[in-house]
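Results of the structural survey
Residues per chain are reported as follows:
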Amino acid sequence: MKHIARSLILLLAVPLVGALLVACGGNDEEENAAPAAANEEAAATEAEAEAVVAEEEEEEPFQPRRGCAACHTLREPDTGKYTLPYEAHVRTEARGLRHPDVALDGTSMARTDEVALETCMGCHAPGAAPVLSMRQIVHPAHAFSEHFGDDRGNCFSCHTVSPDGTFEVISGSLEINEKGVPAPPTAE
Ligand code: HEC
Ligand code: HEC
Ligand code: HEC
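Residues numbered from 1 in each chain as written. Chains lettered and ligands numbered in written order. Predicted model: local features only at pLDDT ≥ 70, side-chain atom pairs only at ≥ 80, totals over all residues.

**Section: the overall build of the chain**
Rule in force here: Helical segments are the DSSP runs of H or I of at least four residues, strand segments are the runs of E of at least two, and each set is numbered from the N terminus. As a rule, residues whose C-beta atom has 12 or fewer other C-beta atoms within 10 Å are exposed, those with 20 or more are buried, and those in between are partly exposed; C-beta atoms are placed from the backbone. What counts as a contact is two residues whose backbone-derived C-beta atoms lie within 7 Å of each other.
Along the chain, the regular secondary structure elements total eight helices and two strands. The linear arrangement of helices and strands in the chain, starting from the amino end, is α-α-α-α-α-α-α-α-β-β. A burial count over the chain gives 12% of its 188 residues as buried. Within the chain, contacts between residues separated by at least 24 positions form 46% of all contacts whose residues are at least 6 apart in sequence.

As structure tokens, this is what we get:
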């Protein structure tokens, strides 16, 4: 029995302190002491490793984002990912068409330009031009998007609900806490 137990301890300890065990092999007393110490050491190493993993996971807690500009910013100066004009050009090209490079008010809409939603609305407000309205485009495109889902995206990624029940669009980037809630009004 004792022998089996000792073999087990040895088996567990071998991968980590094989070299140490070989060195202590001759003496019975030392042999007993070494695996015990080795086991403790192994357990400590394991706990340390777990702590490191937990710490790494904790380092980046989920932070919601609200407002077009919270997500559609220039991340890659080469490609224009993921500005609003970048999305416009890519999705228009997917239909074999070309998106205008300049808005009605002269604002440049090159892929790398960080353009405000208001500029897009000059043509994509309902009835503004014979094109799809922004709501027709963005509602399904986000609702069915895997990436938007990964971001835990939902109505409140783009909207606040006004006191009269209107879904107002957040075009900029709303300052929010880790729950997505904006700061309370400051006392005057
Ligand atoms: C939480 C992040 C997030 C926010 C906020 C957000 N978007 Fe997006 N948007 C995405 C992602 C992710 C995609 C890519 C969808 C895909 O291809 O799977 C996308 C795609 C798009 C597209 C391409 C549509 C298409 O047909 O594929 C447009 C246009 C767009 N967004 C506009 C907007 C506008 C306008 C707003 C604000 C009213 C907004 N987005 C807010 C993440 C966001
Ligand atoms: C000057 C008018 C104008 C402005 C401003 C404009 N667009 Fe467009 N947009 C168009 C036209 C026109 C098309 C359709 C392309 C065509 O028919 O040749 C289009 C198509 C799109 C499409 C493709 C939708 C689809 O699935 O077919 C997206 C996405 C889009 N625009 C997003 C945007 C965004 C985002 C902005 C602001 C950065 C913007 N547009 C600003 C005129 C405009
Ligand atoms: C990607 C951003 C985005 C997401 C996500 C989104 N919306 Fe919208 N929504 C818009 C935009 C842009 C408009 C058009 C605003 C305009 O035309 O001025 C709009 C318009 C609307 C309107 C019309 C508001 C009005 O006064 O005309 C309603 C209602 C609405 N959204 C509800 C929702 C609901 C419900 C969800 C979730 C299921 C949702 N939206 C998710 C961007 C978004």
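What follows picks up the thread again.
**Some points on the site of ligand 3**
Note the threshold: We call a residue near a molecule or strand when the C-beta position, derived from backbone atoms, sits within 6 Å of it. Only Asp, Glu, Lys and Arg are considered charged, only Ala, Val, Leu, Ile, Met, Phe, Trp, Tyr, Cys and Pro nonpolar, and every remaining residue, Gly among them, polar.
Taken together, 15 residues form the shell around ligand 3, and within it Arg 135, His 142, Cys 155, Cys 158 and Phe 167 come nearest. Within the residue set of the shell around ligand 3, elements represented by two or more residues are helix H6 (134-143), helix H8 (155-158) and strand E2 (167-169). It is H6 that contributes the most residues to the shell around ligand 3, five residues altogether. Of the residues in the shell around ligand 3, the class split is eight nonpolar, six polar and one charged.

**Let's talk about the confidence of the model for the chain**
Keep this limit in mind: Scored from 0 to 100, pLDDT records how confident the predictor is in each individual residue.
Of the residues in the chain, 68% reach a pLDDT of 70 or more, and the chain-wide mean stands at 82. Across residues 4-31 the pLDDT falls below 50, and counting only partners more than four positions away or on other chains, this stretch makes 24 contacts in the model.

**Let's talk about the site of ligand 1**
Neighbouring ligand 1 are 24 residues, the closest being Cys 68, Cys 71, Ala 141, Ser 145 and His 147. Elements supplying a minimum of two residues to the shell around ligand 1: helix H3 (68-71), helix H4 (84-93), H6, helix H7 (146-150) and H8. Top element by residues in the shell around ligand 1 is H6. It accounts for five residues. In the shell around ligand 1, the residues fall into 12 nonpolar, seven polar and five charged.

**Examining unusual backbone geometry**
Where the residue is not glycine, phi is negative for most of them; where a peptide bond is considered, it is trans in most cases. Note that the residue after Lys 81, namely Tyr 82, is joined by a cis bond; omega there is -5°. Along the chain, Tyr 82 falls in the loop between H3 and H4. With a phi angle near 55°, Arg 152 is a residue other than glycine that sits in the positive phi range. Look at Arg 152 and you get exposed, because 12 C-beta atoms sit within 10 Å.

**Concerning the nonpolar core**
As a rule of thumb, nonpolar side chains are buried together in soluble globular proteins. So the rule is basically this: The term nonpolar core refers to a set of buried Ala, Val, Leu, Ile, Met, Phe, Trp, Tyr and Cys residues connected through C-beta atoms within 7 Å.
Formed by Cys 68, Leu 84, Ala 88, Val 115, Cys 120 and Cys 158, the largest nonpolar core amounts to six residues. Not counting chain neighbours up to four residues away, the residues in contact with Cys 68 comprise Leu 84, Leu 117, Cys 158 and Ser 171.

**Examining the environment of Ala 125**
Looking at the secondary structure, you find Ala 125 in the loop between helix H5 (117-124) and H6. The exposure class assigned to Ala 125 is partly exposed, which follows from the 13 C-beta atoms found within 10 Å. C-alpha of Ala 125 to C-alpha of Arg 135: the two residues are 10 residues apart in sequence and 8.3 Å apart in space.

**A few points about H4**
Those residues of H4 not exposed but buried are Leu 84, Pro 85, Tyr 86, Glu 87 and Ala 88. Tucked into the core, H4 has its buried residues touching H3 and H5.

**Remarks on the environment of Arg 152**
Structurally, Arg 152 can be placed in the loop between H7 and H8. Taking the C-alpha atoms as reference, Arg 152 lies 9.4 Å from Phe 62; in sequence the two are 90 residues apart.

**Some words on the environment of Asn 177**
Examined against the element boundaries, Asn 177 turns out to sit in the segment after E2. Judged by local crowding, Asn 177 falls into the exposed class, with 10 C-beta atoms found within 10 Å. Taking the C-alpha atoms as reference points, Asn 177 and Pro 64, 113 residues apart in sequence, are found 8.2 Å from one another.

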